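Descriptive structure summary
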Amino acid sequence: MSISTFPWTAARSVPPVALAAPPWQLSGVVHGVLNNDGRWLARLGAAALEPPYRGAPRTPVLYLKPHNTLASSGARIPVPARPGWFELWPTIGLVFGSPLARATPDAVNRAIAGWLLVADLSLPQESYYRPNISQKARDQSCVLAPEVAPVGRFSGAGLVAFEVEVDGVSTPLDLELERPAAELAAEVSRFLSFGAGDILLLGLPPQPVAVRAGQRFTVRGGDMGALDAEVIAEAMPQAETGASAR
Amino acid sequence: MRTARVGYAGRIHDAVWHPDGVELTDGRVVGEADVVWLPPFAVGTVIALGLNYAAHRRELQSELAVAQEEPLVFLKGPNTVLGHRGFTRRPAGAKMMHFECELAVVIGRGGRFIPVRDALEHVAGYTVCNDYAVRDALENWYRPNARAKNRDGATVLGPYLVSADEVSDPQALDLRTRVNGRIVQEGSTADMVTGVAELIAYLSAFMTLAPGDVILTGTPEGVSNVVAGDEVVCEIDGVGSLLNTLMDDRDSEFAVKG
């Protein structure tokens, strides 16, 4: 592999998402927060106090959706035969209009480009002790709505209501932001700087909706618009791989 | 080939190793200290392994709450990446921030379901990584969590990308860390629990790997605290010597008690 073919300048394409404000395009960097709706943790109940957790998280729990996960509305998302289904977590992302580090909530508010409806899919997670990369980093598992909603369309605080329709059956879900968006982003930015076009997913609703191979889904986020996608059976290779992963 | 990316005289250059420093594409030879070192490749997804050396697992044994069945994998974002001869902010008030000398494997040809027997053909090359950790920030949710591992400047990469053809066996490399000139960590990639080819097969079984994605393959025992002003050199025989200096960060969240 010679340096002339080397990926230094290779652009990694980001799914087409319209952004009518600086920086006019997404960077492709997507971080998310697990625990910004108090009901999410409450659902774990006493288990959160037992090993391995030994207590509720003291700070926002972050995860990354790497570039192989990014997909646009209309995607076909492969799920492995075992377990054969995804947890679909609708959420909303803060899109950064400019770089931020060690920012105050006011500085964050001035830097928001807009809000993006996102469907964050993962294979079922039995535990949150380890980062669950083999569940969360599946190809196409971060579906982005087609357009970033303008900053004025959401206050960044309070309740976000979603409707998740799977094969025609609708489930309402909502996300109650324990930390408002600006406060959450400011806290994370104390040690992790954000770039223009980055996304910070603002939390997970208390529970997901299950979606299996062969099912289509639509996520509606009120003023945030809608996205849809389809889950398909993952095509396994014919030859033995020499490795296994769930 | 040993290739680098450096900033010099107003632009970013491709460069190759030279006995007197680096040689830019246009032939100019510039001293190592006279350029700004970037990571030697366009960094895609950073996939890091924890507990991938047997002795280091024993070192942290008391912290292991559950048995280890699969490789422990976590991701680091682009905010963390830093080049050779850079400065990483060391949060004032944190009691334990330690280096981790790691062999970094850079993907050249991507793929999914890569068989172990083909895996090394997918490697563009190797570089050195120092995968810092701030243990004070560790929590038991998605552990090792971002506040411990994903801090700005916590993933030091370089100096050179050594092409795969120059590393005949990635499982036969001695590595060490020096702090202020004294060796504090030593090991060999022979002691990896899951080797490079197996890691590529394991990861590509559940996610598509792309050119520029990089696997940080873990660190042996011997990690220890470093403080502001320390010069940390992570060295892997045949791959390179990566220098990083800690600088004091009085503005860190650990400095605020409450």
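That block above? That's the structure.
Below or above, wherever it landed, is the structure these notes cover. Since the structure is predicted, the reported quantities are computational estimates derived from the model, not experimental observations. (Residues numbered from 1 in each chain as written. Chains lettered and ligands numbered in written order. Predicted model: local features only at pLDDT ≥ 70, side-chain atom pairs only at ≥ 80, totals over all residues. Heavy atoms only, no water.)

This paragraph deals with the overall build of chain A. Check the secondary structure of chain A and you find 4 helices and 14 strands. Since a compact globule built from 246 residues should have a radius of gyration of about 18 Å, the 18 Å found for chain A is in line with a globular shape. Based on the C-alpha atoms only, the size of chain A along its principal axes is roughly 55 × 55 × 40 Å. For chain A, the proportion of its 246 residues judged to be buried stands at 54%. Restricting the contact set of chain A to residue pairs at least 6 apart, pairs at least 24 apart contribute 77%. Split by element, the accessible area of chain A, about 10,100 Å² in all, is 52% carbon and sulfur. In chain A, the 20 positive side-chain charges and the 22 negative ones have mean positions that sit 6 Å from each other. (Helix = DSSP H or I, 4+ residues; strand = E, 2+ residues; numbered from the N terminus. Rg over C-alpha atoms; globule rule 2.2 N^0.38 Å. Buried < 20%, exposed > 50% of the residue type's maximum accessible area, 1.4 Å probe, protein only. Contact = heavy atoms within 4.5 Å. Areas by Shrake-Rupley, 256 points an atom, 1.4 Å probe, with all protein chains shown as cover. Lys, Arg positive; Asp, Glu negative; His and termini not counted. Charge placed at Lys NZ, Arg CZ, Asp CG, Glu CD.)

Residue Pro 51 of chain A is joined to Pro 52 of chain A through a cis peptide bond whose omega torsion reads 5°. As for its position among the elements, Pro 52 of chain A is in the loop between helix H1 (38–44) and strand E2 (62–65). In this model, Leu 51 of chain B sits at a positive phi of 55°, which is unusual for a non-glycine residue. At Arg 85 of chain B, a residue that is not glycine, the phi angle is positive and equals roughly 65°.

Once that is clear, we can look at helix H3 (residues 196–204) of chain B. Counting buried positions along H3 of chain B gives 8 out of 9 residues, so the element sits mostly inside the fold. Regarding H3 of chain B, the residues found buried are Val 196, Ala 197, Leu 199, Ile 200, Ala 201, Tyr 202, Leu 203 and Ser 204 of chain B. Here the buried face of H3 of chain B lies against helix H3 (133–136) of chain A together with strand E6 (46–50), strand E7 (72–76), strand E11 (101–107), strand E12 (123–131) and strand E17 (214–216) of chain B.

What follows is about the interface of chain B and chain A. Between chain B and chain A, the residue contacts involve 69 residues of the former and 56 residues of the latter. Summed over both sides, the interface of chain B with chain A buries roughly 5,200 Å², with 60% coming from carbon and sulfur. Inspection of the region where chain B meets chain A yields 4 salt bridges. At the surface where chain B touches chain A, the tally comes to 19 residue pairs in polar contact (both at pLDDT 80 or more). Secondary structure elements with two or more residues in the side of chain B that touches chain A: strand E1 (2–8), E7, E11, E12, helix H2 (146–149) and H3 of chain B. For the side of chain B that touches chain A, the leading source of residues is E7 of chain B, giving 5 residues. (Buried area = accessible area lost by both parts, 1.4 Å probe. Salt bridge = Lys/Arg side-chain N within 4 Å of Asp/Glu carboxyl O. Polar contact = N/O pair within 3.5 Å; in protein donor to acceptor, adjacent residues only side chain to side chain.)

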